[in-house]
Amino acid sequence: MAKFTKEDIIAKVKEENVKFIRLQFTDLLGIIKNVEIPVSQLEKALDNDIMFDGSSIEGFVRIEESDMLLYPDYDSFVIFPWTAEKGKVARFICDIYKPDRTPFPGDPRSVLKAQLAEMEKLGFTAFNIGPEPEFFLFKLNENGDPTLDLNDKGGYFDLAPTDLGENCRRDIVLELEDMGFEIEASHHEVAPGQHEIDFKYADAVKTCDNIQTFKLVVKTIARQHGLHATFMPKPLFGVNGSGMHSNMSLFKGKENAFYDANSEDGLSATAKSFIAGVLEHARAFTAITNPVVNSFKRLVPGYEAPSYIAWSLSNRSALIRIPAARGLSTRIEVRSVDPATNPYLGMAVLLAAGLDGVKKGLTPPASVDRSIYVMNDEEREELGIHELPASLKEAVDAFNSDEVITGALGEHTVTHFNAAKEIEWDQFRTQVHQWERDQYLEQY
């Protein structure tokens, strides 16, 4: 049931002295875009009559087919708490429609909604996701540009004064709570300067909206503290990278479809098939869940991020871990995802992979309950444990060979994604990096 009506929103905007409205959406690469309108245009926006030029947005359309319509999601209405000086700013998250008022196939939010419709055909009513996004805080220089100077030397769960990010993190939590987030935990992560804030799970679309809002709030409040927040997967060599572990479960009404009280491990046949599907398509969906060159600097042994395709009831070196909670809290945790992913596309491909396992009744291999990192190649081969792609190029090749994953995104998204990644890989491949100069300049 809708939380807000058109009348509610108009009344709230007047009551709270809102002067500007941001109509937000997400481009192919997961970057938040927005069209800002004065409050005088609010009714036009609520009637889905605001147009923008889609040809200037990454992965959208050609210049000759550029006009797009913004359809605000009324339930995403929120007033930014930090914008009160000369009248407040409110925002809506929007779906993108074509001028003929049909959903635009390159809109990541619509791609996820289409995959949820596939889920509903199988009798499931909700795909719930609890994300764990991590980020680093770096100091800004005198020009306001990011440096690589960390603002603390803290470690896992440290407190101030070691964790100098604590005040910034606390302010982020307060702003998020003002915007309706239910924060479950906030703590320093393993690496110096690294932090994690966990918020309550929700259905897939709401969670992806929350991830995008979360990133915006974290970056905004960090800058107020003279810091730069980055969700880059691996900004520093030799320490842990930033992940976005994704806890997920399927529901049928009020019943968690992943729970079976009568099975030995509490997991249902549906959960096992979903796990098998995720493992089956892991190499292919990695291009979407770990979408940048830098993502693959994180997916290496020794830094808590998985590099092997396996599942476990306890082992954190596996791609999928099963948290101990059962009943309504039964879930699987996919640990490879990083916060550079476009959340709408990332969750769409994870759902597509899992549903493929459910449709086919796939059975996963045995749970791997010891560290995969200490196994040799023969042991891993014997257990059928394969590796995740080692580079963006390898991941994109695997992506394009998997019809389930490409099919879940649709032709438009796949074409534009491939074009963007080909450019990114070529730029990286042809660049001369400092490591090469350090290694070879004097030697040869």
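Within every chain, residues take consecutive numbers counted from 1 along the sequence as written. For a predicted model such as this one, the threshold for reporting local features is a pLDDT of at least 70, and the threshold for listing and counting side-chain atom pairs is 80 or more; totals across whole chains, interfaces and linings nevertheless cover every residue. As a rule here, side-chain values come from all non-hydrogen atoms in the structure, and water together with hydrogens is ignored.

Looking up the protein in an unreviewed UniProt entry gives the name Glutamine synthetase, with the organism given as Sporolactobacillus mangiferae. UniProt positions are given in the numbering used here, feature names are shortened, and annotations may be inferred rather than shown by experiment. As recorded by UniProt, the Sequence similarities (unreviewed entry) comment attached to the protein reads in full: "Belongs to the glutamine synthetase family." Looking at the Cofactor (unreviewed entry) heading of the UniProt record, one finds this comment for the protein: "Mg(2+)".

Describe in detail the overall build of the protein, supporting the description with residues and values.
For the purposes of this entry, the term helix denotes a DSSP run of H or I that reaches at least four residues, the term strand denotes a run of E that reaches at least two, and both are numbered from the N terminus. Each helix and strand in the protein was counted, giving 14 helices and 18 strands. A globule of 444 residues ought to have a C-alpha radius of gyration of about 22 Å, and the protein, at 22 Å, matches this closely. For the protein, the C-alpha atoms occupy an extent of roughly 70 × 60 × 45 Å along the three principal directions. Relative accessibility decides the category of a residue: with a 1.4 Å probe and only protein chains considered, values under 20% of the type maximum give buried, values over 50% give exposed, and everything between is partly exposed. Residues classed as buried in the protein amount to 53% of the 444 residues present. In what follows, residue pairs with any heavy atoms lying within 4.5 Å of each other are defined as contacts. Sequence separation of 24 or more characterises 69% of the internal contacts of the protein that already satisfy a separation of 6 or more. Of the charged side chains in the protein, 46 are positive and 69 negative; the average position of the first set lies 3 Å away from that of the second. With the radius of gyration taken over C-alpha atoms, the globule rule is written as 2.2 Å times the number of residues to the power 0.38. The convention is simple: Lys and Arg are positive, Asp and Glu are negative, and His and the chain ends are not counted. Every charge is mapped onto a representative atom, which is NZ of Lys, CZ of Arg, CG of Asp or CD of Glu.

Help me get a handle on a nonpolar patch on the surface, residues and values and all.
A cluster of nonpolar residues, Trp435, Tyr440 and Tyr444, forms a patch on the protein surface that exposes about 440 Å² of accessible area. You can see tyrosine 440 is positioned in helix α14 (residues 434–440). Like charges are joined within 9 Å and nonpolar side chains (Val, Leu, Ile, Met, Phe, Trp, Tyr) within 5 Å, but only among residues with over 30% relative accessible area and no salt bridge; these make up the patches. Each accessible area is a Shrake-Rupley result for a 1.4 Å probe, and residues are judged covered by the shown protein chains and nothing else. One side-chain nitrogen of Lys or Arg within 4 Å of one carboxyl oxygen of Asp or Glu is enough to make a salt bridge.

Can you explain the packing of helix α3 (residues 108–121) against helix α9 (residues 343–360)? Please cite residues and give values.
Each pair of packed helices can be described by the angle between their axes along with the distance between the axes. With their axes 8 Å apart at the nearest point, α3 and α9 run at an angle of 20° to one another. Considered as vectors, α3 and α9 are oriented roughly parallel to each other. Where α3 crosses over α9, the two elements pack in a sense that is left-handed. Here Pro108, Arg109, Val111, Leu112, Gln115, Leu116, Glu118 and Met119 of α3 lie close against α9, whose contacting residues are Tyr344, Leu345, Met347, Ala348, Leu351, Ala352, Leu355 and Lys359. In this analysis an axis means a line fitted to C-alpha atoms, helices contributing only their contacting stretch, and an angle means the value between N-to-C directions, from 0 to 180 degrees. Oblique is the label for any angle not covered by the other classes, which are roughly parallel (under 35 degrees), roughly antiparallel (over 145) and roughly perpendicular (65 to 115). By convention the crossing between two helices is left-handed if the near helix lies anticlockwise of the far one by an angle smaller than a right angle, and right-handed if it lies clockwise.

Can you lay out a negative patch on the surface for me, pointing to particular residues and giving the numbers?
On the surface, Glu177, Asp178, Glu182 and Glu184 cluster together into a negatively charged patch. Its place among the elements puts aspartate 178 in helix α4 (residues 166–178).

Let's hear about the nonpolar core: which residues, and what values?
The nonpolar core is taken to be a set of buried Ala, Val, Leu, Ile, Met, Phe, Trp, Tyr and Cys residues, with the residues joined through side-chain atoms within 4.5 Å. Phe127, Leu250 and Ile320 are the most contacted members of the largest nonpolar core, which totals 82 residues. Those residues in contact with isoleucine 320 that sit more than four places away from it in its chain are Ile275, Val278, Leu279, Ala310, Trp311, Ser312, Ile332, Glu333 and Val334. Membership of the second largest hydrophobic core comes to 21 residues, among which are Ile9, Ile21, Phe52 and Ile96.

Let's hear about the pairing of strand β1 (residues 18–26): which residues, and what values?
We treat two strands as partners when DSSP finds at least two bridges between them. Taken together, the six bridges between β1 and strand β6 (residues 88–97) define a ladder with parallel strand orientation. Residue pairing in the sheet places arginine 22 in a bridge with arginine 91 of β6. Note: β1 against strand β2 (residues 32–38), seven bridges, orientation antiparallel. Residue pairing for β2: phenylalanine 20 is matched across the bridge by proline 38. Two successive antiparallel strands, β1 and β2, enclose a turn made up of five residues, where glycine 30 displays a positive phi of approximately 90°.

Lay out the packing of helix α5 (residues 204–224) against α9 with the relevant residues and their values.
Here α5 crosses α9 at 145°, and the two axes come no closer than 9 Å. Considering only the axes of α5 and α9, their crossing is right-handed. In contact with Val205, Cys208, Asp209, Ile211 and Gln212 of α5, α9 contributes Pro343, Tyr344 and Met347.

I'd like a description of the packing of aromatic side chains, backed by residues and values.
For this analysis, a ring pair means two rings from Phe, Tyr or Trp (six-membered ring only for Trp) whose centres lie within 6.5 Å, classed as stacked if their planes differ by under 30 degrees, edge-to-face if by over 60, and tilted for the remaining angles. Counted according to the given criterion, the structure contains 16 aromatic pairs. With 5.7 Å between their ring centres and 85° between their planes, phenylalanine 4 and phenylalanine 77 make a pair best called edge-to-face. Placement of the pair is phenylalanine 4 in the segment before α1 (6–15) and phenylalanine 77 in the loop between β4 (67–72) and β5 (78–79), with a sequence separation of 73 residues. Residue classification places phenylalanine 4 among the partly exposed positions, given a relative accessible area of 23%. Judged by its relative accessible area of 7%, phenylalanine 77 falls in the buried class.

So, helix α11 (residues 392–400): which residues are in play, and what are the values?
Those residues of α11 that sit buried are Leu392, Ala395, Val396, Ala398 and Phe399. Each buried residue of α11 lies within a common arc of 160° when the element is viewed along its axis, so the set occupies one face. In this fold, the buried residues of α11 make contact with α7 (282–289), α8 (295–298), α12 (403–409) and α13 (411–430). By construction, the arc corresponds to the directions joining the helix axis to the C-beta atoms.

How would you summarise unusual backbone geometry if you had to cite specific residues and measurements?
Residue asparagine 17 is not a glycine yet carries a positive backbone phi of 60°. Within the element layout of this structure, asparagine 17 appears in the loop between α1 and β1. We note that asparagine 48 has phi near 65°; this positive angle belongs to a residue other than glycine. Mapped onto the elements of the fold, asparagine 48 is located in the loop between α2 (42–46) and β3 (50–53). Here asparagine 48 falls in the buried class, since its relative accessible area comes to 18%.

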